Amino acid sequence: MAADLGELLVPYMPTIRVPRTGDRVFKSECAFSYDSPESEGGLYVCMNTFLGFGREHVERHYRKTGQCVYMHLKRTIKEKDPGASGGAVPRRQNGKVFLEDVDLSCDFNGDDYEYEDEAKLVIFPDHFEIPLPNIEELPALVTIACDAVLSSPSPYRKQEPDSWEDEIQVSRHARNLKQLDNSVRIPPSGWKCARCELRENLWLNLTDGAVHCGRWFFDGSGGNGHALEHYRETHYPLAVKLGTLTPDGGDVYSFDEEEAVLDPYLAEHLAHFGIDMLQMQKTENGLPDSKAKPRISEWEVIQESGLKLKPVYGSGYTGIKNLGSSCYLSTTMQVLFSIPEFQRAFVGNIQRIFDYSPLDPTQDFSTQMAKLGHGLLSGQYSKPPVKSELIEQVMKEERKPQQRGISPRMFKALVSRGHVEFSSSRQQDAQEFFLHVINQVERNSEGSENPSDVFRFLVEERVQCCQTRKVRYTQRVDYLMQLPAPLEAATNKEELISYESRRQEAEEGRRPPPERVRARIPFSACLQAFTEPENVADFWSSALQAKSAGIKTSRFASFPLYLVVQIKKFTFGVDWVPKKVDLSIDVPDLLDISHLRAAGLRPGEEELPDLAPPIVIPDDPRDHSMSHLMDSPEIDESSVMQLAEMGFPLEACRKAVYYTGNMGAEMAFNWIIAHMEEPDFAEPLALPSFGDPGTGGSSLTSGMDSQPPEESIAILTSMGFSRRQTVQALGATNNNLERALDWIFTHPESEEESEPVSGVADAEGNSAAEASSGAEPAGPRVRDGPGRYELFAFISHMGTSTMCGHYVCHIKKEGRWVIYNDHKVSLSERPPKDLGYIYFYQRLASS
């Protein structure tokens, strides 16, 4: 038999590889679907590329690549014998464990289930099977390759090399953590280290309830290391940082594993010491307050807690598992794939996308979008329990069956690659992620349908010089409408004033605060605030050829097919952390913004001259008195601080923000990565004057004719403009990004010799370029139409800031509201429309 197997594998030996360091082995998830070893057909891992495929997709890979040898992995889960001993997780039936690093895709009661793993080699196209292990019968190379595949870690155990940080993993101590029955109860305040007087940077040991101070490496704030000393004396491994507890979790550290970890059982572990995690919120002094009530109400109302919500199953009702603070991703993608244009672009074209996917489909955006869309819409991963399972759940007094949902690990790893925040396991802003995904769709839709067109609209900005009364009209592209929430327009002002008075009295008297009062703001007041003029800082009037006072107003130059409205609930504190304002807004189901349509240049208005600010060349090129040009350039200090907190040198952060035109921390981070090896990386920012040798700016002419920075060109071309347009615009505006963007929109004639970006579409989505091939392009493609809309989805946030808390979304399907709370999908009983954060409206058809 050994000779037979050896001879059988000889033709395929050149294609069988042993995984090397850096190779990712996908043995837990199909590249095209959410099939896993637990699925009915198991999972096939190519022994050359180490990609995983479900039974439905392995033939495609075989036909495309000619690879014939696959490892078939199968995990079987079944009920344990009645007399078997219990445990915390499904137990192995025998000692042969080939999939030790594969996570279970279901939540099981460990007292009732056990699992068995099976592995074998399969040779295509005849499907000849070789059971494993077969050490004596297989060639040595094949045995080594099989062992390496079976023992390889998950590709998500650590993030990509260019990602910002490792993904936090569940502690091996969490499931069976020993907790002493010592009657310790932790009070809601007044903590201090048991060995010194420190009242900050305190850690609660989850075994004995001891509170000690941490060391500087926990969070950079200092300490005497008494928490670590306590571990060395007791070997109690897990501790949670007091002050970080919210209903969504807390910062947990494992002394034994020497890293930050996740504790899925944190609520139970805290309850052992009398702490109800669902009532915790982070307060200004860093201590959780169990008596504070605003977040309790918000969490309960938004998640519709206490109501018997009916689970729903089938196409469009598949949940998404939370990977650890990934709910911002889940809610955003649930809404996007409820939109027909996204369904058609990715799921409707799924066979073409899959057939033409690259050799590594895990790194292809369109493939992973199609995979995610199919997972959500097919109903394949959202099936109702069979009758026997329902009876069993009733017998066990389980309130409702648990839905499985899909795990978006592969999608998250791809879409967040290279992004400082989204590649981490921290909570993020759903609005920022929405724009990030739209940007990815834009970049990957060249030559195919671009579903993000449905969100794109033009904003007309009118700037007026207050002295000359002359105006300038410009247009820019946007994808969502940001509405201010004017607290001064609250309809319950007296109640708010009374609450604030009682809160201050309670704080002075060190009494529990009164029940929180939420500001109630009319939606009409938000629209009114959107139209209010705003002052323009450092406005340069081309009519006066000097700085002047200026005001700006914004209107819609076009209305999108789908209008995304973000309520500006968040503001920045002195520590630059986004903090949420607690308010309720009567958001309407039907919305008419027709009155916000831009009218363009009005009769009697005179336009500002189209002149750029003059470039000042000092008599002495090294005259450092030009602080506005040399020593104190305009720099977004908030972006600088975000980068500095990541550990980069402060001066490097200032340069990064300056050279990317104050376009945000993400753009600046990319600049840092590209320049961090340069010898002057951390040197102070020093802008060269036009007379400095070697700068290419010995004269005004040579300065204007020089090539713009590649970073600026990349930023504008990523928005969809051609390189030729970008270079022209930057050259005409002295490489000022913001002015260059305005210049592109106000100089459409400059596109004559370049590729058109796209045409403006009418209400039916027909491009003007389609009607006349000789027509001149009119700017980025938009789908203009009437300004009447109907609400069909909204995303809600619970928590004190975008950096913590939880997101859920409500979507209207088949005439009924459905709540998507991670993997749980249920019919909504009371959709909390007034507490939403991002609202999605669909344009109504013209009557």
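Residues numbered from 1 in each chain as written. Predicted model: local features only at pLDDT ≥ 70, side-chain atom pairs only at ≥ 80, totals over all residues. Heavy atoms only, no water.

Caption draft 1: A look at the overall build of the protein. Regarding its fold elements, the protein presents 24 helices and 29 strands. Within the protein, buried positions represent 50% of all 847 residues. Within the protein, residue pairs in contact and separated by at least 24 positions form 67% of the contacts whose partners lie at least 6 positions apart. (Helix = DSSP H or I, 4+ residues; strand = E, 2+ residues; numbered from the N terminus. Buried < 20%, exposed > 50% of the residue type's maximum accessible area, 1.4 Å probe, protein only. Contact = heavy atoms within 4.5 Å.)

Caption draft 2: Representation of the pairing of strand S19 (residues 550-556) within the structure. Of the pairings in the sheet, the one linking strand S12 (residues 457-465) to S19 comprises 7 bridges and is antiparallel in character. Within S19, the position partnered with Arg 462 by the bridge is Thr 553. Note that strand S16 (residues 534-536) and S19 share 3 bridges and pair antiparallel. From the neighbouring strand, Val 536 faces S19, where its bridge partner is Gly 550. (Pairing = 2+ DSSP bridges.)

Caption draft 3: Examining the pairing of S12 more closely. The buried count for S12 comes to 9 of 9 residues, which makes it a mostly enclosed element. A two-sided burial pattern is seen for S12, the buried positions comprising Phe 457, Val 459, Glu 461, Val 463 and Cys 465 on one face and Leu 458, Glu 460, Arg 462 and Gln 464 on the other. Bridging between S12 and strand S13 (residues 471-478) involves 8 bridges; their strand directions are antiparallel. Its bridge partner lying in S13, Glu 460 is registered against Gln 475. The hairpin formed by S12 and S13 contains 5 residues between the paired strands, and Arg 469 there has a positive phi angle of roughly 65°.

Caption draft 4: Structural detail: the nonpolar core. By size, the foremost hydrophobic cluster in this structure holds 97 residues, and its most contacted members are Met 71, Leu 121, Met 333, Phe 342 and Phe 455. If we ignore the near neighbours within four places in the chain, the residues touching Met 71 are Leu 43, Tyr 44, Val 45, Met 47, Lys 120, Leu 121, Leu 132, Cys 146, Val 149 and Leu 150. Listed in part, the 30 residues of the second largest apolar core include Phe 457, Met 481, Leu 483 and Phe 559. (Core = buried A, V, L, I, M, F, W, Y, C linked by side-chain atoms within 4.5 Å.)

Caption draft 5: Examining the side chain of Arg 781 more closely. Looking at the secondary structure, you find Arg 781 in the loop between helix H24 (768-771) and strand S25 (788-798). Polar contacts involving the side chain of Arg 781 include one to the side chain of Asp 453, which spans 3.2 Å. (Polar contact = N/O pair within 3.5 Å; in protein donor to acceptor, adjacent residues only side chain to side chain.)

Caption draft 6: Examining the side chain of Glu 304 more closely. Take Glu 304: it is sitting in the loop between helix H7 (294-302) and helix H8 (327-336). Of note is the side chain of Glu 304, whose polar atom sits 2.8 Å from the backbone nitrogen of Glu 829. Glu 304 has contacts with Leu 309, His 810, Ile 819, Ser 828, Glu 829, Arg 830, Pro 831 and Pro 832, leaving out every residue within four places of it along the chain.

Caption draft 7: Fine view of helix H18 (residues 650-659). Listed in full, the buried residues belonging to H18 are Ala 652, Cys 653, Arg 654, Lys 655, Ala 656 and Val 657. Elements in contact with the buried residues of H18: helix H17 (637-644) and helix H19 (665-675). Among the residues trailing H18, Gly 661 stands out with phi positive, at a value near 70°.

Caption draft 8: The confidence of the model for the protein, seen in detail. When pLDDT is averaged along the protein, the result is 79, and 76% of the positions lie at 70 or above. For residues 84-97, every residue scores under 50 in pLDDT, and the model assigns this stretch 31 contacts once sequence neighbours within four places are set aside. In the predicted structure, residues 158-166 sits below a pLDDT of 50 and forms 21 contacts with residues beyond four places in sequence or in another chain. (pLDDT = per-residue confidence, 0-100.)

Caption draft 9: Representation of the sheet that holds S16 within the structure. Taken in spatial order, the 4 strands of this open sheet run S13-S12-S19-S16, and their pairing is antiparallel. Strands with a single pairing partner mark the edges of an open sheet, and in this sheet they are S13 and S16. For this sheet the average axis-to-axis angle between neighbouring strands, irrespective of direction, equals 35°. (Axes fitted to C-alpha atoms, helices over the stretch in contact; angles between N-to-C directions.)

Caption draft 10: Expanded view of the sheet that holds strand S10 (residues 252-254). Pairing is antiparallel in the open sheet, where 5 strands are placed in the order S8-S7-S9-S10-S11. Two strands close off the open sheet at either side, each with one partner strand: strand S8 (211-213) and strand S11 (259-261). If you compare each strand with its neighbour and ignore which way they point, the axes differ by 40° on average. Direction of pairing for strand S9 (residues 238-241) relative to S10: antiparallel, over a ladder of 3 bridges. Residue pairing for S10: Ala 239 is matched across the bridge by Tyr 253.

Caption draft 11: Examining helix H3 (residues 140-151) more closely. The end-to-end C-alpha distance of H3 is 17 Å, a good match for the 16 Å that 12 residues give at a rise of 1.5 Å each. Here H3 has its buried residues at Val 142, Thr 143, Ala 145, Cys 146, Val 149 and Leu 150. Summarising the axial view, the buried residues of H3 lie within an arc of 165°, below the 170-degree limit, and thus occupy one face. Seen from the open side of H3, the exposed residues pointing more than 90 degrees away from its buried face are Ala 140 and Ser 151. (Expected span 1.5 Å × (residues − 1). Arc of directions from axis to C-beta.)

Caption draft 12: Local environment of the environment of Leu 561. Within the fold, Leu 561 resides in the loop between S19 and strand S20 (562-567). Residue Leu 561 is classed as buried on the basis of its relative accessible area of 13%. Setting aside chain neighbours within four positions, we find Leu 561 in contact with Glu 341, Val 454, Arg 783, Tyr 789, Tyr 841, Gln 842 and Arg 843.

Caption draft 13: The packing of H18 against H19, seen in detail. Direction vectors running N to C along H18 and H19 enclose 115°, while the axes themselves pass 8 Å from each other. Considering how the two elements wind past one another, H18 and H19 form a crossing that is right-handed. Of the residues in H19, those in contact with Ala 652, Cys 653, Lys 655, Ala 656, Val 657 and Tyr 659 of H18 are Ala 668, Trp 671 and Ile 672. Each residue belonging to the contact of H18 with H19 can be placed in one class, and the counts come to 8 nonpolar, no polar and 1 charged. (Left-handed = near helix turned anticlockwise from the far one by under 90°. Nonpolar A, V, L, I, M, F, W, Y, C, P; charged D, E, K, R; others polar.)

Caption draft 14: Fine view of the state of the cysteines. For the coordinates displayed, the defined rule picks out 0 disulfides. The thiol sulfur of Cys 193 is not disulfide-bonded, and the nearest other cysteine sulfur, from Cys 196, lies at 3.6 Å. A relative accessible area of 3% means that Cys 193 is categorised as buried. This cysteine, Cys 465, is not joined by any disulfide, and Cys 466 carries the nearest cysteine sulfur, 6.7 Å off. (Disulfide = S-S within 2.5 Å.)

Caption draft 15: How the structure looks around the packing of aromatic side chains. Applying the stated criterion across every chain yields a total of 25 aromatic pairs. When the centroid spacing of 6.0 Å and the interplanar angle of 80° are considered together, the rings of Phe 434 and Phe 840 count as edge-to-face. Here Phe 434 is found in helix H14 (residues 430-443), whereas its partner Phe 840 is found in strand S29 (residues 836-843), with 406 residues between them in sequence. By relative accessible area, which is 2% here, Phe 434 ends up buried. Relative to Phe 556, the ring of Phe 530 has its centre 6.1 Å away and its plane inclined at 35°; by these criteria the two rings are tilted. Residue Phe 530 is found in helix H16 (residues 523-531), and its partner Phe 556 is found in strand S19; the two are separated by 26 residues along the sequence. (Phe/Tyr/Trp six-rings, centres within 6.5 Å; stacked < 30°, edge-to-face > 60°.)

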